[in-house]
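Structural overview
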Amino acid sequence: MSTRFACAAIGCWLVGVPVAQVPTPPLPPGTGGPADERHGLDDGPTAYARLLEKVGGWQREHHDLVRRVEIGTSVQGRPLFVLRIGARDDGAPEVYVGAAIHGGEGSELDAIAMVDELLERATEPTVARLLAGRVLWVQPVVNPDGLVARQRKNANGVDLNRNFAARWQPGRGPESRDHPGSAPFSEPETRALREFLEPRLHLRAYLDLHRSVDALIPAQRGPDGVVDDVVASAGAALNAATGNYSRVNEGRLLHFPTMHGLSVDWVWAELGVVAFTMETAWRGATAAAHDPRWPALLHLLERAADQTPGRNEVAALHYPVLVTEDTRRDEGELARLTRPGTVLFADDFESDASLASYFEVGGQREGRVRIVHDPALVHGGTGALQLTSTDSGGRSCGSSAVLWLGDEGHDCVHLRCWMRYADDYDQGNLHHTGGSLAGVAGTDKWAGMGTAGLRPAGDDHFSTRVEGWRDWQRLPAPGALHCYTYWMDMRRDRDGHYWGNLLGPAAAEAFVPARGAWHCVEQRVAVNAPDRADGELAVWIDGHLYLHYRGFRWRSSEAVHIKRATLMVYVHEARRDNRVCYDDLVVSTGYIGTGAGAGERVK
């Protein structure tokens, strides 16, 4: 892995480690049953009364920091509540910690320990800063009826941590240990949590506390229960922050693809928020020096501002899964992705005559599109395509070259180009650059254009473009490369529109290209069978696999094929001249790589 991909400016989560798939670890005595005095658990009614007493004490002693918020009632009418701790104003990054979703485990004591430590340290400079700039939501008991009865399930006999709408499956009935209920969110406790979490637009991390062995379990997504690179990366950072307390299976994160209906899986799949199950051994069996509870909470609060939240209020039912790390380790998968194909089009931009190949050259009459022959602006040969967005007094401006790949189109296309941002490229924030591929139905070459903010229906069009994103100018120009993507399962933005979703790598691998330098960018789009979610998106930068997403539903109709490719620069509020050069463009049905120039046919 190239080191220039490793220390990105977007975030501080560590690069992910392998996630092991192992059998469910054995649970200790007492889990899911009556109180076990060997592990210091009170009987249920006493434990519940002491918890409420503790919460009341926090409210009295730290009334400026702790506020109780009611979110519903349990099957037996007990209050469901969360504690809001920290920043008073909305808009700060938020972290959720929940406990005792299994009432017999005693994990409510872990939530209490975390809050006790936080409030005891409230005046320390680091903690005071975090409390001023973060919101911590703590639900010390998700399943109060189960806690009082000291049983795993709720009063309806439902395992609440199998009742979420994430790969939910019917179970064996109420007599089973993990009965998932009659339907997702059939229980008042899970519905209350869903209704609380869905509007939380600033939620950045979710931690579900359990007790068994010391293990950290990342959220999974998709029908096969894949662990996304983003979650694996964040989980590796969380594990490292706790001194690698997750000791099961040689210290690696655990993965349970056979489990269904988990809260963490729903939070990640539907809210776009990184989520983990934190299993901890009974405290009497673990040395205090290895207690992960406080370092875990401190880490999540520290890193909350770095983790990109689920920025969309309404999530799609189907969403692709980032699997780059798995792909890099799989030689067969890499070989499949890099299998050569047939060249469909190539252009080395050696003369103005090449522009006749494009059905639309936007901005040519205004002089914003040029074939340049300055050696400093050329990658190969003697010419390159220079696209310009001129100073337009704050109005939008751009230029482009749009290529039609034929009325029949293709189901798998690679677009490779070399691109160079000008030395002084600085568009401000909102812009579009790079190469894009679009799928359309029919023969209308302009289909799907002019539909910004609208979600494709699936039988009409889709598009994706590799471009920079400055994250509201927190990153240097031109920003970290990602795929700005429109497709039928995209998420809706907070303002109600469907702006292009930003599909990038794990935050720690985000790459900001240097201005004034040439970089080879290749993207692959493979459409899905209309009745399946088996489409793909992959990007290579300078020959290194940058990202790989599986599980796309690019289309719902066989009529939609990849038919259009575009090179462009477009600035929403153009207040200066900005230029991007492109060279050695190749469009192929298979992998191209860095070596094949426009004049070379890929075998």
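Model, not experiment: these values are computed from the prediction. (Residues numbered from 1 in each chain as written. Predicted model: local features only at pLDDT ≥ 70, side-chain atom pairs only at ≥ 80, totals over all residues. Heavy atoms only, no water.)

Quick look at the overall build of the protein chain
The condition that has to hold: Put simply, DSSP H or I for four residues or longer makes a helix, DSSP E for two residues or longer makes a strand, and each gets a number counted from the N terminus. Type-normalised accessible area, obtained with a 1.4 Å probe on protein chains alone, sets the label of each residue: buried when under 20%, exposed when over 50%, and partly exposed for intermediate values. Contacts are assigned to residue pairs that have any heavy atoms within 4.5 Å of one another.
If you tally the helices and strands in the protein chain, you get 10 helices and 25 strands. Buried positions account for 60% of the 603 residues belonging to the protein chain. Taking contacts inside the protein chain between residues at least 6 apart in sequence as the whole, the part at least 24 apart equals 77%.

A look at the layout of surface pockets
Here is the rule we go by: A 1.4 Å probe that fits into a set of points on a 1 Å grid over the protein atoms alone but cannot get out defines a cavity; an open set with protein on both sides within 12 Å along at least five of seven lines defines a pocket, and lining residues are those with an atom within 4 Å of a point. Grid points are joined across faces, edges and corners, and a volume is the space filled by probe spheres set on the points. Lys, Arg, Asp and Glu make up the charged group, whereas Ala, Val, Leu, Ile, Met, Phe, Trp, Tyr, Cys and Pro make up the nonpolar group; the residues left over, Gly among them, are polar.
Taken as a whole, the second largest pocket holds about 730 Å³ of empty space. If you trace the second largest pocket, you find 32 residues lining it, with His 432, Met 449, Gly 450, Arg 465 and Met 568 closest to the centre. Secondary structure elements with two or more residues in the lining of the second largest pocket: strand E15 (397–404), strand E17 (431–441), strand E18 (461–469), strand E19 (480–486) and strand E24 (560–571). Residues of the lining of the second largest pocket, tallied by class, amount to 14 nonpolar, 14 polar and 4 charged.

Comments concerning the pairing of E24
Quick note on the threshold: The rule for pairing is simple: two strands pair if DSSP sees at least two bridges between them.
Among the 12 residues in E24, 11 count as buried, and that is most of the element. Pairing between E15 and E24: 8 bridges, direction antiparallel. Within E24, the residue paired with Ser 400 across the bridge is Met 568. In terms of strand pairing, E17 meets E24 through 11 bridges, oriented antiparallel.

Quick word on the pattern of salt bridges
To keep it simple, the criterion reads: By salt bridge we mean one thing: a side-chain nitrogen of Lys or Arg within 4 Å of a carboxyl oxygen of Asp or Glu.
Overall, the coordinates contain 34 salt bridges when judged by the stated rule. Linking Glu 333 and Arg 550 is a salt bridge whose minimum nitrogen-to-oxygen distance equals 3.9 Å. A residue pair is termed long-range when its members are at least 10 positions apart, and Glu 333 in helix H10 (residues 331–337) and Arg 550 in strand E23 (residues 544–552) qualify at 217 residues. Note on Glu 333: relative accessible area 14%, which makes it buried. Arg 550 gets classed as partly exposed once you look at its relative accessible area, which sits at 32%. With its nearest N and O atoms 3.7 Å apart, the salt bridge here joins Asp 534 to Arg 532.

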